[in-house]
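What follows is the residue order along each chain.
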Amino acid sequence: MNIKAIKGASVRCENLQKSFGAVKAVDSVSFEIGGSEFVTLLGPSGSGKTTTLMMIAGFEVPSDGDILINDRSVAVVQPRSRDIGMIFQNYALFPHMTVYQNVAFPLRMRGRDEQETRQRVRIALETVGLTGYDARFPRQLSGGQQQRVAFARAIVFDAPLLLMDEPLGALDKQLRQRLQLEVKRIQRDLGVTVIYVTHDQEEALVMSDRIILMNDARIAQMGTPSELYDRPVNKFVASFLGESNMLHGQLDQTRGDEGSMTLGGRVITGQLAAGLNAGDAALLVVRPEKIRLADEHSSIRTNRLPGRVLESIYVGDHLRLVVGTEDGAQLVVRHPIYFGGGDINLGDTVELGWHPADTRILQAS
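Numbering of residues begins from 1 in every chain and follows the order in which that chain's sequence is written. In keeping with the model being predicted, local features are shown solely for residues with a pLDDT of at least 70 and side-chain atom pairs are shown and tallied solely at 80 or more, while totals for entire chains, interfaces and linings include all residues. Heavy atoms throughout the structure, all of them, feed into the side-chain values; hydrogens and water do not.

Q: How should I be thinking about the packing of aromatic side chains in this particular structure?
A: For any pair of aromatic rings, the description rests on two quantities: the centre-to-centre distance and the angle between the ring planes. Pairs were defined over the aromatic rings of Phe, Tyr and Trp, the Trp ring being its six-membered one, requiring ring centres within 6.5 Å. Orientation was assigned from the angle between planes: stacked under 30 degrees, edge-to-face over 60, tilted for the rest. Counted under the stated rule, the structure contains four aromatic pairs. Between F38 and Y196 the ring centres are 5.5 Å apart and the planes differ by 35°, which places this aromatic pair in the tilted class. In this pair, F38 sits in strand β3 (residues 38-42) while Y196 sits in strand β8 (residues 193-198), placing the two residues 158 residues apart along the sequence. Residue F38 shares its accessibility class with Y196, and that shared class is buried. Sitting over the face of the ring of F157, R110 holds its NZ or CZ atom 3.8 Å from the ring centroid. Only when the NZ of Lys or the CZ of Arg is both within 6 Å of the ring centre and within 35 degrees of the ring normal is a charge said to sit over the ring. A cation over a ring is seen here: R139 above F137, with NZ or CZ 4.8 Å from the ring centre. Secondary structure is summarised from DSSP: a helix means a run of H or I of at least four residues, a strand means a run of E of at least two, and numbering begins at the N terminus for each. When accessible area is computed with a 1.4 Å probe and restricted to protein chains, residues below 20% of their type maximum are described as buried, those above 50% as exposed, and intermediate ones as partly exposed.

Next comes the structure, spelled out in structure tokens:
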């Protein structure tokens, strides 16, 4: 018996909708998830991500649309018949049961014999690094250990699909970062499909094969972490996922998938989002870590703006600079210390530079 021989389930949501009275919690959401993918539903509070997860789990019934798991419609199937493992933020462990009894619970509910149950619980606890904790009660465990028990309980019956609702949200930062990598490793080893809900952008970037970013009950953008981070399709995506500098202006001209704007008397070139035409109000987006302090020896020959250092904050491996441009705009620059950051002082005149490939031009609205 090998708990690691799991074939991940495929999931398809078609025009999924959920209303609570006059409020639309989920509005026309459609996506596909392949077997063994780790996909995160990301978004601010009220964006519809948790309601979407609850409909996939069967705890909420869609107002319209369909949910298919391995091409089987489950929109009106009871949760216990969907063969899904579920992990909650509060762990949902039975306090009167030992670790062994908690992990064995779903097997006993499925009528598995005791010999198989013992084998599966042993393997599950070994997988999450809790061998020897069988006889402990939840109150005798740390938060991280309780979360591991919840994970073991979810994988012990070979569920091909795991749903995880902010499972690390109650843990401190260092433990959360450590468990992010551990959960991802276990998921990859098992081959199970995971749909993970969080509002933590960094967590989504670290753990996900793909991210479905939601806002106002709809999907704002979905793709790989690098696609969403480097090629946001609109202002919400650029501002929600990581930190961005945003400069308003007018799109002067377009050439293929590139466009240019004039800012502070300088021509700035970048990658165009869809739907923009010359003359449109536009928003230029560049990440703080993409900007460099340039000089005559710099390889960056385009997208250069002069400015003055207004603020300099030491953050260990980099300086966080705020640079004011001649037309009153302010840009945040993440300047690595090994680039000579110690020589930068407040009031210094600097030249900023970044590559067109690192620049996005979006619709201003």
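Q: Honestly, the side chain of T193 in this entry has me stumped. Any pointers?
A: Structurally, the position occupied by T193 is in strand β8. A polar atom in the side chain of T193 sits 2.8 Å from the backbone nitrogen of S36. Contact criterion: two residues are considered in contact whenever any of their non-hydrogen atoms come within 4.5 Å of each other. Excluding its chain neighbours within four sequence positions, the residues that come into contact with T193 are G8, A9, I33, G34, G35, S36, E37, P160, L161 and L162. N or O atoms within 3.5 Å of each other form a polar contact, as long as, within protein, one can give a hydrogen and the other can take it, and as long as residues adjacent in sequence are counted only when both atoms are side-chain atoms.

Q: Would you mind showing me how to read the packing of helix α2 (residues 99-109) against helix α4 (residues 143-155) here?
A: The packing of two helices is summarised by the inter-axis angle and the distance between the axes. Contact geometry of α2 with α4 gives a least axis separation of 7 Å together with a crossing angle of 30°. Comparing the axis directions of α2 and α4 gives the class roughly parallel. Like other packed secondary-structure pairs, α2 and α4 cross with a definite hand, here right-handed. Counting all contacts with α2, which are made through V99, N102, V103 and P106, the residues of α4 involved are V149, A152 and R153. Put simply, Ala, Val, Leu, Ile, Met, Phe, Trp, Tyr, Cys and Pro go in the nonpolar bin, Asp, Glu, Lys and Arg in the charged bin, and everything else, Gly too, in the polar bin. The class makeup of the residues in the contact of α2 with α4 is five nonpolar, one polar and one charged. To get an axis, fit a line to the C-alpha atoms, keeping to the stretch in contact for a helix; angles then go from 0 to 180 degrees between the N-to-C directions. The cut-offs work like this: below 35 degrees is roughly parallel, past 145 is roughly antiparallel, 65 to 115 is roughly perpendicular, and the gaps in between are oblique. Crossings are assigned a handedness: left-handed for a near helix turned anticlockwise from the far helix by less than a right angle, right-handed for a clockwise turn.

Q: Just to check I follow, could you spell out the pattern of salt bridges for this structure?
A: Side-chain pairs of opposite charge can arise where the charged atoms are in close proximity. Just to be clear on terms, a salt bridge is a Lys or Arg side-chain nitrogen sitting within 4 Å of an Asp or Glu carboxyl oxygen. A full pass over the atoms with the stated rule returns 21 salt bridges. A salt bridge links E351 to R266; the shortest N-O distance between them is 3.1 Å. One end of the pair, E351, is in strand β19 (residues 349-353); the other, R266, is in strand β13 (residues 266-272), and 85 residues separate them in sequence. With a relative accessible area of 30%, R266 lands in the partly exposed category.

Q: Just checking my understanding: could you explain the pairing of strand β20 (residues 359-363) for this structure?
A: Here is the key point about a regular strand: its side chains alternate between the two faces of the sheet. Across the five residues of β20, four count as buried, placing the element largely inside the fold. A pair of strands counts as paired when DSSP detects no fewer than two bridges linking them. Here β13 pairs with β20 via two bridges, running parallel. Each residue of the ladder has a partner; that of L272, found in β20, is I361. In this structure, strand β14 (residues 281-286) lies alongside β20, joined through five bridges in antiparallel fashion. Within β20, the residue paired with A282 across the bridge is Q363.

Q: Hey, could you run me through the sheet that holds β13 in this one?
A: Hydrogen bonding along the main chain pairs the strands of a sheet, whether they run parallel or antiparallel. Pairing is mixed in the closed barrel, where five strands are placed in the order β11-β12-β13-β20-β14. Sheet twist, expressed as the mean angle between neighbouring strand axes with direction ignored, is 50°. Pairing analysis gives six bridges linking strand β12 (residues 258-263) to β13, with the strands arranged antiparallel. For E258, the partnering residue across the bridge sits in β13 and is Q271.

Q: Whenever I open this one, the environment of Q187 confuses me. Can you help?
A: With respect to the helices and strands, Q187 occurs in helix α5 (residues 173-190). Taking the C-alpha atoms as reference points, Q187 and V350, separated by 163 residues in sequence, lie 47 Å from one another. Non-local contacts of Q187, meaning those with residues more than four positions away in its chain, are made with S36, E37, F38, V192 and V194.

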